[in-house]
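Chain by chain, the residues:
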Amino acid sequence: MSEARARLLSTASRLFYAEGLHSVGIDRIIATAGVTRATLYRHFPSKDDLVVAYLTQADEAIRARVDAARAEGISTDDVVRTIGRSIADDIQGPTFRGCAFLNAAAEYPDPDHPVHRAVLQHRAWFLDAMTQLFGETGKPDAEPAARHFIMLRDGAMTAGSLTDPAPIVETFLRGIEGLLTYRSRDQQPGT
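Now for a look at the structure at hand. Just so it is clear, the structure is predicted and the values come from calculations on it, not from any experiment.

**Thoughts on the overall build of the protein chain**
Inference 1: Looking only at helices and strands, the protein chain features nine helices and zero strands.
Inference 2: Each helix and strand of the protein chain, placed in order from N terminus to C terminus, yields the pattern α-α-α-α-α-α-α-α-α.
Inference 3: Dimensions of the protein chain along its principal axes, counting C-alpha atoms only, are 65 × 35 × 30 Å.
Inference 4: Long-range pairs, those at least 24 residues apart, make up 67% of the contacts in the protein chain with a sequence separation of at least 6.
Inference 5: Total accessible area on the protein chain is roughly 9800 Å²; 54% of this is exposed by carbon and sulfur atoms.
Inference 6: Of the charged side chains in the protein chain, 21 are positive and 25 negative, and the gap between their average positions amounts to 3 Å.

If you want it as structure tokens, here you go:
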């Protein structure tokens, strides 16, 4: 990646996450990154291409965190916990503004738009990764558990950007423990 492309993507990513995709214009990105319009369009033919690159970079970072958790040599349950704690740490960060993918989907609701497709591609990968992890625990119902994990994550990331994140994170992490404990349609809490 060229230095100018890296600077453009870093600048755009910071601004997009902090202020929203539609509210940040190309002129602001160019000025903040200190590049010319020609440089921007040489690397990103359209703003949509830049937004997709921002989401691709976020996707790659999350994939790397999941891979790092898996490489720690810990039990699969602890890998799931590590991923959950990583999400919880993000939610409690000082610049947290919600999930970049959910925010992008809200701004680009058309399922045929390249930005929305990038969101769906990330979410499909994350569901597959979590389904595989829950399957490796040896307990039943891996896919429903993975969907539940993602719903917990989505809710925690949304609520954590709106209010005090501490009780949100506590509830999220307790929910993960529940998923690791109660994993059968036949065995529900209290039965």
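**A few points about the side chain of Arg 153**
Inference 1: Within the element layout of this structure, Arg 153 appears in helix α8 (residues 142-160).
Inference 2: With residues up to four places along the chain from it excluded, the contact list for Arg 153 reads Ile 87, Cys 99, Arg 123, Phe 126 and Phe 172.

**With respect to empty space enclosed by the protein**
Here the idea is plain: a probe the size of a water molecule rolls over the atoms and shows the empty space left.
Inference 1: What the rule picks out here adds up to two cavities of 30 Å³ or more.
Inference 2: Within this model, the largest cavity holds a volume of roughly 40 Å³.
Inference 3: Residue assignment for the lining of the largest cavity shows that the elements contributing at least two residues are α7 (114-136) and α8.
Inference 4: Considering each element in turn, the lining of the largest cavity owes the most residues, three residues, to α7.
Inference 5: Taken together, the residues of the lining of the largest cavity break down into three nonpolar, one polar and two charged.

**Regarding helix α4 (residues 47-70)**
Inference 1: In this model, α4 (24 residues) spans 35 Å end to end at C-alpha, consistent with the 34 Å of a helix rising 1.5 Å per residue.
Inference 2: Taken together, the buried positions of α4 are occupied by Lys 47, Leu 50, Val 51, Ala 53, Tyr 54, Leu 55, Ala 58, Asp 59, Val 66 and Ala 69.
Inference 3: Lining the buried residues of α4 we find α1 (3-19), α2 (26-33), α3 (37-43), α5 (76-91), α6 (100-107) and α7.

**A short note on the packing of α1 against α4**
Inference 1: Orientation of α1 relative to α4, taken along the N-to-C sense of each, is 85°, at an axis distance of 10 Å. Between α1 and α4, the interaxial angle falls into the category roughly perpendicular. Contacts from Arg 5, Leu 9, Ala 12, Ser 13, Phe 16 and Tyr 17 in α1 reach Lys 47, Leu 50, Val 51, Ala 53, Tyr 54 and Gln 57 in α4.

**Quick word on the packing of α6 against α7**
When two helices pack together, their arrangement is captured by the angle between the axes and the distance separating the axes.
Inference 1: Two elements in contact, α6 and α7, have axes separated by 9 Å at closest approach and are oriented at 145°. Crossing angle aside, the handedness with which α6 passes α7 is left-handed. Between α6 and α7, the contacting residues are Phe 101, Leu 102, Ala 104 and Ala 105 on the first element and Val 115, His 116, Val 119, His 122 and Arg 123 on the second.
Inference 2: Of the residues contributing to the contact of α6 with α7, the split by class is six nonpolar, two polar and one charged.

**Concerning the pattern of salt bridges**
Inference 1: Throughout the structure, instances matching the rule amount to 12 salt bridges.
Inference 2: Linked by salt bridges that have partners in common, Asp 78, Arg 81 and Glu 177 make up one network.

**Some words on the nonpolar core**
The nonpolar side chains of a soluble globular protein tend to be buried, and buried together.
Inference 1: Within the largest apolar cluster, 59 residues are counted, with the highest numbers of intra-cluster contacts made by Ile 83, Phe 134 and Phe 149.
Inference 2: In contact with Ile 83, other than residues within four places in its own chain, are Val 66, Ala 69, Phe 126, Met 130, Leu 133 and Phe 149.

Cut-offs applied
- Residues numbered from 1 in each chain as written.
- Predicted model: local features only at pLDDT ≥ 70, side-chain atom pairs only at ≥ 80, totals over all residues.
- Heavy atoms only, no water.
- Helix = DSSP H or I, 4+ residues; strand = E, 2+ residues; numbered from the N terminus.
- Contact = heavy atoms within 4.5 Å.
- Areas by Shrake-Rupley, 256 points an atom, 1.4 Å probe, with all protein chains shown as cover.
- Lys, Arg positive; Asp, Glu negative; His and termini not counted.
- Charge placed at Lys NZ, Arg CZ, Asp CG, Glu CD.
- 1 Å grid on protein atoms, 1.4 Å probe; cavity = no way out; pocket = protein on both sides within 12 Å on 5 of 7 lines; lining within 4 Å.
- Points joined across faces, edges and corners; volume = space filled by probe spheres on them.
- Nonpolar A, V, L, I, M, F, W, Y, C, P; charged D, E, K, R; others polar.
- Expected span 1.5 Å × (residues − 1).
- Buried < 20%, exposed > 50% of the residue type's maximum accessible area, 1.4 Å probe, protein only.
- Axes fitted to C-alpha atoms, helices over the stretch in contact; angles between N-to-C directions.
- Parallel < 35°, antiparallel > 145°, perpendicular 65-115°, else oblique.
- Left-handed = near helix turned anticlockwise from the far one by under 90°.
- Salt bridge = Lys/Arg side-chain N within 4 Å of Asp/Glu carboxyl O.
- Core = buried A, V, L, I, M, F, W, Y, C linked by side-chain atoms within 4.5 Å.

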